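Single-letter residue listing:
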Amino acid sequence: MTVKPLGDRVLIKRVEAEEKTKGGIILAGAAKEQPQMAEVIAVGPGTDEVKMEVKAGDKVIFSKYAGTEIKTDGDEFIIMSQKDILAIVE
């Protein structure tokens, strides 16, 4: 199934959380904090008021409680408004 965002919406996929701390301690699944960094998978066309500033392939940082989580073909994605994206990571 293909998901195509509408308006100023963006489809992102979280970057995987680190398995180890900087000190070398391996974290259990429950101890890992969900990262607020993701890769942009698809973007909507924008609106008359909102110009799209991100594109597919960009790495972004987003608000902690933003968007709606969806599952498709066994993968987890988040669809959110572009305004919930805080920065592009270069």
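Before any of the text, the structure's been laid out above.
Residues numbered from 1 in each chain as written. Predicted model: local features only at pLDDT ≥ 70, side-chain atom pairs only at ≥ 80, totals over all residues. Heavy atoms only, no water.

In terms of nonpolar packing, the biggest core is built from 12 residues, these being Val 10, Ile 12, Ala 38, Val 40, Met 52, Val 54, Val 60, Phe 62, Ala 66, Ile 78, Met 80 and Ile 85. At the level of secondary structure, the elements contributing two or more residues to this core comprise strand 1 (9-14), strand 2 (37-43), strand 3 (59-62) and strand 5 (75-81). (Core = buried A, V, L, I, M, F, W, Y, C linked by side-chain atoms within 4.5 Å. Buried < 20%, exposed > 50% of the residue type's maximum accessible area, 1.4 Å probe, protein only. Helix = DSSP H or I, 4+ residues; strand = E, 2+ residues; numbered from the N terminus.)

Following the sequence through the fold, Gly 57 ends up in the loop between strand 2 and strand 3. Residues Gly 57 and Val 40, spaced 17 residues apart in sequence, show a C-alpha to C-alpha distance of 5.3 Å. Leaving out residues up to four positions away in the same chain, Gly 57 has contacts with Glu 39 and Val 40. (Contact = heavy atoms within 4.5 Å.)

Sheet topology places strand 4 (residues 68-72) next to strand 5; five bridges connect them, and they run antiparallel. Of the residues in strand 5, the one forming a bridge with Thr 68 is Ile 79. In this antiparallel pair of consecutive strands, strand 4 and strand 5, the connection spans two residues, and Asp 73 shows a positive phi of 55°. (Pairing = 2+ DSSP bridges.)

Here the focus is the environment of Val 3. Following the sequence through the fold, Val 3 ends up in the segment before strand 1. Residues Val 3 and Ile 41, 38 residues apart in the sequence, show an inter-C-alpha distance of 9.4 Å. Contacts of Val 3, omitting those with residues within four sequence positions, involve Leu 11, Ala 42, Ile 70 and Thr 72.

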